[in-house]
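Geometric and topological summary
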Amino acid sequence: MSFAQVMEQYAGKDIAGMMDRVTVADVQRTLSRRTLSAEDYLVLLSPAAAGQLEAMAQRANQLTVQHFGRTIQLFTPMYISNFCTNQCVYCGFNTRNTIRRTKLDDAQIRREGEVIEATGLKQLLLLTGEAPKIASVEYIGHAAKLLRDLFPSIGVEVFALTQDEYEYLISCGVDSMTLFQETYNAALYPSLHPAGPKSDYRFRLDAPERACKAGMRVVNIGALLGLDVWRKDAFFTGLHAHYLQFAYPQTDIAISFPRMRPHAGEFQPESIVSDRELVQIMLAQRIFLPRCGITISTREAPSFRDNLIPLGVTRMSAGVTTAVGGHTSEEEEVGQFEISDPRSVDEMCAAIRARGYQPVFKDWEPLEDAAVAG
Amino acid sequence: MEHSNNNDPLVIGGVELQSRLFTGTGKYGSDTVIPDVCRASGSQVITVALRRVDMNAAAGNVMQHIPKHMQLLPNTSGARDAEEAVRIARLARAAGCGNWIKIEVISDNRYLLPDGYQTARATEILAKEGFVVLPYMNPDLYVARDLVNAGAAAVMPLGAPIGTNRGIRTREMIGILIEEFDVPIVVDAGIGKPSEACDAMEMGVDACLVNTAIATAGDPVIMAEAFGAAVRAGRQAFLAKAGPVLTGAASASSPLTGFLGE
């Protein structure tokens, strides 16, 4: 069984039509259930549920506080290379875009890490484009080794890898991976990814499962909301997380909800996801998967992010730049996309505390130290 | 600090405790409330997840908020097997957290139920290394026996899954542990209300660990005080030996067999 087989069960089904037939009574019944099925999740994503957001928010808040407390984990991305061989039509790193390409050397990686670490952050996410001959898996693993003494938790958001490659990164100190399917619409996917290794839909779809098999502690998935009809992509994202949670109970599964943002390039999204709609997705996800981590990035505006804090978010980025070397470079580099929330770590902490929540910097203790191995 | 004055200490690992309420450090909106929770509850034992502790942080470290008189009970939250639990325990001791350790080995992140086999393995290793081991467990007779044989200083059965506030759903099984074992029984996880903690203490458990129910309450300090009072009340009720509970017919003032004479 793979997630692709789960998706096959929905092949030919009119998911949008099923959602359109949901009634308010269906939504209210669903909200009273202790555990939800996939069909219940579909109900909460429906147009009828859009009118029940307050009731959903109350339930989501209750579940989040119960399982995660009033805490928000903080992390920041570090872009170490923007070389890319893909032609994803919506991405600033598209190989056809004429941006300056660069890759950090050892000293630059270390310096960038030290600047980030000085802000108090302890959780780091390493990012690259997809150019394995320039920024290889070994390069990414080496970067993790250079930084592991500064950050108890290092994640990667890089191209889809094999299980062996994920195991290698774990051996270098990486404990989490983030990989967005972008869209679960297999028919639409090729037109959005016309060239490059990322055009292999199935290899990407199975990558989170390979990371679970490799023993990755946290696996974070998501769809880039706006590429396809958002209700469908949100539905399959939830099913994907649900599948991984059941198949790999040792792995913490988390979800992100990136919305399309302006970038270098002229692609316009298929559908615009409004703030209300993004909130509905998050609430539905939280109620369907009460223990699932939820990340909200700086793609979203400050005031909107602040208002999301009680609704299910467990992890937020802070002090973000999406440019390679952006934490130390004095030049104005072009990032992968434009961020909306430029607040510093201190400012994010103040905003989180103002909501009665606690910013959490550290949530893992690396166990590789030989001194404790016995 | 308020303590029971009934000369009824709980002794674990050679440490005499006057309070039978253990508290936690997770899930608070701010760690600054922890001293007030400790004071209001009267608790003397507090558990802290080592994975959340940043020993190098000049500020924002949960340890800075734990009153000096508290007995630290670092836990192995995040451990997926015995080896990881053992490493976390050693790290905790090396970091100056003392030699008490609450073993949590959880490899199912959906239900967060403890793995009895891995817990027993970790308990055996750590008890031999001189740790005072308090393992979190399902209330299972055989697992408890393994843990006690492995050197556990107490056992910590769950009342309901972690963080659920569903109360003592495992009542019958905890009752068996009370009957069978001399080591302290500390109900850990699931207690959602002071009345449930009181109930557990009336049953005869030796202590209760409460985190989520206090940390996620509207007013954690008042809730901590309520739990402190409830645990004391339950313990006193247990010591006072409640009268028998009658089932079926009432106790008739005119016995039906009185005509039989002596």
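Every chain is numbered on its own, with residues counted from 1 as its sequence reads. A letter from A marks each chain and a number from 1 marks each ligand, given out in the order of writing. Only residues with pLDDT of at least 70 are given local features in this predicted model, and only at 80 or more are side-chain atom pairs given and counted; all residues enter the totals for whole chains, interfaces and linings. Computation of side-chain values: all heavy atoms of the structure, hydrogens and water removed.

Quick notes on the interface of chain B and chain A
What counts, and what does not: Contacts are assigned to residue pairs with any non-hydrogen atoms lying within 4.5 Å of each other. We define buried area as the total accessible area lost by two parts upon association, computed with a 1.4 Å probe and summed across both. Basic side-chain nitrogens of Lys or Arg form a salt bridge, by our definition, when they fall within 4 Å of a carboxyl oxygen of Asp or Glu. A 3.5 Å cut-off defines polar contacts: any pair of N or O atoms within that distance qualifies, except that in protein one atom must be a possible hydrogen donor and the other a possible acceptor, and neighbouring residues in sequence count only when both atoms are side-chain atoms. Secondary structure elements are taken from DSSP: a helix is a run of H or I of four residues or more, a strand is a run of E of two residues or more, and numbering for both begins at the N terminus. Residues are grouped as follows: nonpolar covers Ala, Val, Leu, Ile, Met, Phe, Trp, Tyr, Cys and Pro; charged covers Asp, Glu, Lys and Arg; every other residue, Gly included, is treated as polar.
Taken together, the contact pairs 32 residues of chain B with 34 residues of chain A. Summing both partners gives a buried area of about 3000 Å² for chain B against chain A, and 44% of it is carried by carbon and sulfur. For the chain B face of the interface with chain A, the top three residues by lost area are Arg51(B), Arg80(B) and Arg110(B), together amounting to 23%. At the junction of chain B and chain A, the tally comes to four salt bridges. The partner of Arg52(B) in a salt bridge is Asp363(A), with the nearest N and O atoms 2.7 Å apart. At the surface where chain B touches chain A, the tally comes to 24 residue pairs in polar contact (both at pLDDT 80 or more). Elements that contribute at least two residues to the side of chain B that touches chain A include exactly helix H2 (82-94) and helix H7 (212-215) of chain B. For the side of chain B that touches chain A, the element with the most residues is H2(B), which contributes five residues. Classifying every residue of the side of chain B that touches chain A gives ten nonpolar, ten polar and twelve charged.

Comments concerning the packing of helix H1 (residues 34-41) of chain B against helix H8 (residues 220-240) of chain B
Residues and elements named next belong to chain B. We apply this condition: Axes, fitted as lines to C-alpha atoms, cover a helix only where it is in contact. Angles between the N-to-C directions of the axes lie from 0 to 180 degrees. Orientation is classified from the angle alone, with under 35 degrees giving roughly parallel, over 145 giving roughly antiparallel, 65 to 115 giving roughly perpendicular, and any other angle giving oblique. In this scheme the handedness of a crossing depends on how the near helix is turned from the far one: anticlockwise by less than a right angle means left-handed, clockwise means right-handed.
Packing of H1 against H8 leaves a shortest axis separation of 7 Å and a crossing angle of 25°. What the angle tells us is that H1 and H8 run roughly parallel. Remark: the crossing between H1 and H8 carries right-handed chirality. Counting all contacts with H1, which are made through Asp36, Val37, Arg39, Ala40 and Ser41, the residues of H8 involved are Pro220, Val221, Ala224, Glu225, Gly228 and Arg232. Among the residues forming the contact of H1 with H8, the class breakdown is five nonpolar, two polar and four charged.

Digging into the pattern of salt bridges
Test applied: Per-residue accessibility, obtained with a 1.4 Å probe over protein chains only, is compared with the maximum for each type, and a residue is labelled buried under 20%, exposed over 50%, and partly exposed between these values.
Summed over all chains, the structure comprises 32 salt bridges over all chains. Arg217(A) is paired through a salt bridge with Glu84(B); the nearest N and O atoms lie 3.3 Å apart. Note that Arg217(A) is positioned in the loop between helix H11 (207-214) and strand E5 (218-223) and Glu84(B) in helix H2, a pairing that runs across two chains. You can call Glu84(B) buried: its relative accessible area is 14%. Two residues, Glu196(B) and Lys193(B), come together in a salt bridge whose shortest N-O distance is 3.2 Å. Accessibility expressed as a relative area gives 45% for Lys193(B), which makes it partly exposed. Three or more residues joined by partner-sharing salt bridges are found here, namely Arg110(A), Arg111(A), Glu114(A) and Asp149(A).

Some thoughts on the pairing of strand E3 (residues 153-157) of chain A
All names here are of chain A. Rule in force here: The pairing criterion is simple: DSSP has to find at least two bridges between the two strands. Think of it like this: strands point away, you trace from the first strand over the helix to the second, and a clockwise trace means the crossover is right-handed.
Most of E3 sits inside the fold, with five of its five residues counted as buried. Burial of E3 is two-sided: the residues Ser153, Gly155 and Glu157 facing one way and the residues Ile154 and Val156 facing the other way are all buried. Here five bridges tie strand E2 (residues 123-128) to E3, and the two strands are oriented parallel to one another. Opposite Leu127, over in E3, you have Glu157 as the bridge partner. Note that the unit made of E2, helix H7 (residues 137-147) and E3 has a crossover that is right-handed. In the sheet, E3 pairs with strand E4 (residues 174-182) via three bridges, with the strands oriented parallel.

Section: unusual backbone geometry
In this structure, Glu182(A) is a non-glycine residue whose phi angle is positive, near 75°. In this fold, Glu182(A) is placed in strand E4. By relative accessible area, which is 7% here, Glu182(A) ends up buried. Although it is not a glycine, Asn165(B) sits at a positive phi angle of roughly 55°. Structurally, the position occupied by Asn165(B) is in the loop between strand E8 (156-157) and helix H5 (171-180).

Here we look at the packing of aromatic side chains
Test applied: Ring geometry is summarised as follows: Phe, Tyr and Trp rings, the Trp one being its six-membered ring, pair when their centres sit within 6.5 Å, and such pairs are stacked at plane angles under 30 degrees, edge-to-face over 60 and tilted between the two. Over a ring means this: the NZ of a Lys or the CZ of an Arg is within 6 Å of the ring centre and within 35 degrees of the ring normal.
Enumeration according to the criterion identifies eight aromatic pairs over all chains in this entry. Relative to Tyr243(A), the ring of Phe3(A) lies with its centre 6.0 Å away and its plane at 45°, an arrangement referred to as tilted. Placement of the pair is Phe3(A) in helix H1 (residues 3-8) and Tyr243(A) in helix H12 (residues 230-247), with a sequence separation of 240 residues. There is no split in this pair, since Phe3(A) and Tyr243(A) are both buried. Seen in terms of ring centroids, Tyr41(A) and Phe235(A) are 5.9 Å apart; in terms of plane orientation they differ by 20°. Their pairing is stacked. Taken as a pair, Tyr41(A) in helix H4 (residues 38-44) and Phe235(A) in helix H12 lie far apart in primary sequence, 194 residues in all. Three or more aromatic residues joined by ring pairs form one cluster here, namely Tyr10(A), Tyr41(A), Phe235(A), Phe236(A) and Phe288(A). Its guanidinium or amino end placed over the ring of Tyr139(A), Lys103(A) lies 4.6 Å from that ring's centre, counting from NZ or CZ. Lying across the ring of Tyr136(B), Lys102(B) places its NZ or CZ 5.4 Å from the centre.

Considering the state of the cysteines
Worth spelling out the cut-off: When the sulfur atoms of two cysteines come within 2.5 Å, that pair is taken as a disulfide.
Scanning all chains against the criterion turns up zero disulfides over all chains. With no disulfide of its own, Cys212(A) lies closest to Cys292(A) among cysteine sulfurs, the gap being 11 Å. No disulfide involves Cys198(B); its sulfur sits 9.2 Å from the nearest other cysteine sulfur, which is in Cys208(B). What makes Cys198(B) buried here is its relative accessible area of 16%.

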